[in-house]
Amino acid sequence: MKVGIIGSGGREHALCESFKNSKKIKKIYCFPGNAGTKKIAENIEIDLSNFENLKNFTLDKKIDFLVIGPEKPLVDGIIDYLEKHNIKVFGPNKFASQLEGSKIFTKKLCQKFNIPTAKFGIFFNADDAEKFIQNCDYPIVIKADGLAAGKGVYICENRDQAKIAVKEIFGGKFGQADKLLIEEFLSGEEMSFFVISDGKNYKQFGTAQDHKRVLEGDKGKNTGGMGAYSPSRLENEILSKKIIDKIIEPTFKGLKENNTNFKGFLYAGLMIVQGEPFLIEYNVRMGDPECQTLLPKLKTDFGLLIEACLNEKLKDINIEWYNEKSLCVVLCSKGYPDKYEKNIELNLNNLVLDKNNFLFHAGTKSVNGKTFSNGGRVLNIVVRSNDFKSARKKALDLLKSLNWKNGFYRKDIGHKVVNQ
Ligand code: AMP
Ligand code: GLY
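Residues numbered from 1 in each chain as written. Chains lettered and ligands numbered in written order. Predicted model: local features only at pLDDT ≥ 70, side-chain atom pairs only at ≥ 80, totals over all residues. Heavy atoms only, no water.

Caption draft 1: Here's a closer look at the environment of Asn-406. Here Asn-406 lies in the loop between α12 (388-402) and β23 (407-408). Put simply, Asn-406 and Asp-354 are 52 residues apart on the chain and 25 Å apart in space, counted from C-alpha to C-alpha. Beyond its immediate stretch of four places on either side in the chain, Asn-406 contacts Cys-332, Ser-333, Lys-334, Glu-341 and Ile-344. (Helix = DSSP H or I, 4+ residues; strand = E, 2+ residues; numbered from the N terminus. Contact = heavy atoms within 4.5 Å.)

This is how it looks when you write it as C-alpha cells:
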C-alpha cells in the first residue's frame, strides 16, 4: 500500500519510520517532510492550506490513505474535504477537532457531561475580565481560545501578570480574540494519555510525559516540547480506568449526541490531583515529542493498525508494546523559542545508533545531500531501555557526540523518573 503523511516535524518522521517498518506499506509520501523523512519517503513540497492540491496529488498517485500529523489542517476541516472526495484519511473531522481547536467547546462539553476539569469562566471583553481578576484568588490560568501552538496559556501568580495576559490576548497576540477563558489553577502532576479510535471503537494507546518549558527544572518559556518519556510514572490500571470512565467515554458520548464520532489519535492532557484525573486540554492528534517516545515501543505493525482503523476494524487488533521505557531529548536551535538562526549545517556522521536508539528529524532540510537546520526544534534523540536513567544517559551521550555548536538541549528530561 501507499501512504501519505502530512507534516514536517519529529512526530511525522516517527510516523514515517513506523510505516517503513510495516509489511503492509510499500511507498511513503511526506507532505512536506524533512531531511529525515527524505531518506525513507518521497518528500512533496505542497501548500498545506490548499486541500485541493493534496487531493489531486493523492488521487493521481493512487495513495491508499493519508495520516494527518498536526492540528491545524484537522481544525481547518481537511478530513471532511478529503473524505468527500473518497480519500481514506486517518484523523478526526472538523466538528470533533474542535476538542483542540476551541477550548471553550471542550469546556462546554465537560460541563454538559460532568467531565472533571478546572472551574472556569468565559469573558467576552477586557473590562469584565479585569473586574474578575481584581478580586480572585491566585494563581489563576488565563487562556486564549483557539489554536496558539502551545502558547496562549498564562499561569498568573498575581494581578499584574493577569492584567498582561488579558491585554495580550485581547490585543490579538494569538490571533483575533473575542473571548478568553479564566481557569482555576490545578495543582498536581501532569500526564498525557492517548487513545486510538476508528470511529466505532477505541483503545488505549499508551501514556507519556513531556517537558514543555525551555529551561532545566521546568522553568522559562513554554515551547512545543523539549523532551518526553513514556510511560508516565503515574500510569496504572486504576487511574486508566478512571480516565476512561470519567473523561474519554463521556467525550465520545458527547460527540455521538452531536451525530458525529472521533477517528484518529486523541491525546488527553491531564492533571492528576490526589489520584483523580482532571482534563486540562484535548489534542486531536499525536503529541510531539510524545509520539517519538511511544512509537518505538509499539510492537504491532503500524500499517496494519492504521489500515484496520480506516476499515473500522480496530477491535480485531491486539495492540502490543515492548515492555521497555523510552525517553526523548530534543535538540533545539540556540534562541528557541524566540529568535534563532536557520540553515546551519549538521554533521550527523558521528552519530552511532544501535537498535534501541532512534534519530527523528524535526526542523531540518536536505540540500545536495547535506543536512541543515530549518526550525527551532531540530532533532529528536530517542532511546529505548530497561530504565529511564540509562535511556537519558545514552541520549545525552549521543547528543554530545553530535557536537552541534548552534544547538542546545535540556539535560534533565525525565527528572521525576530518573532521580526518584
Ligand atoms: P495547555 O496548552 O492547555 O496544555 O496548557 C499549557 C500548560 O499550562 C499545561 O501543560 C499545564 O502545565 C498548564 N496548565 C494549563 N491549564 C492549567 C490549569 N487549569 N491548572 C494548572 N496548570 C495548567
Ligand atoms: N507536546 C505537546 C503537544 O504535542 O501538544
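Caption draft 2: Expanded view of the layout of surface pockets. The calculated volume of the second largest pocket comes to roughly 580 Å³. Those elements giving two or more residues to the lining of the second largest pocket turn out to be α1 (10-20) and β19 (357-361). For the lining of the second largest pocket, the class distribution of residues is 13 nonpolar, eight polar and five charged. (1 Å grid on protein atoms, 1.4 Å probe; cavity = no way out; pocket = protein on both sides within 12 Å on 5 of 7 lines; lining within 4 Å. Points joined across faces, edges and corners; volume = space filled by probe spheres on them. Nonpolar A, V, L, I, M, F, W, Y, C, P; charged D, E, K, R; others polar.)

Caption draft 3: Region of the structure containing empty space enclosed by the protein. In total, this model carries two cavities of 30 Å³ or more according to the counting rule given. In this structure, the largest cavity encloses a volume near 90 Å³. Around the largest cavity sit 14 residues that line it, and Lys-103, Thr-106, Ile-280, Glu-281 and Tyr-282 are the ones nearest its centre. If you list the elements that add at least two residues to the lining of the largest cavity, you get α5 (94-101), α6 (103-113), β9 (180-184) and β16 (276-283). Residue composition of the lining of the largest cavity, by class: six nonpolar, two polar and six charged. Here the second largest cavity defines a volume of roughly 60 Å³. Residue lining of the second largest cavity: 14 residues in total, with Ile-68, Phe-90, Phe-265, Arg-285 and Met-286 positioned closest to the centre. Contributions of two or more residues to the lining of the second largest cavity are made by α1, β4 (65-68) and β15 (263-273). Classifying every residue of the lining of the second largest cavity gives nine nonpolar, three polar and two charged.

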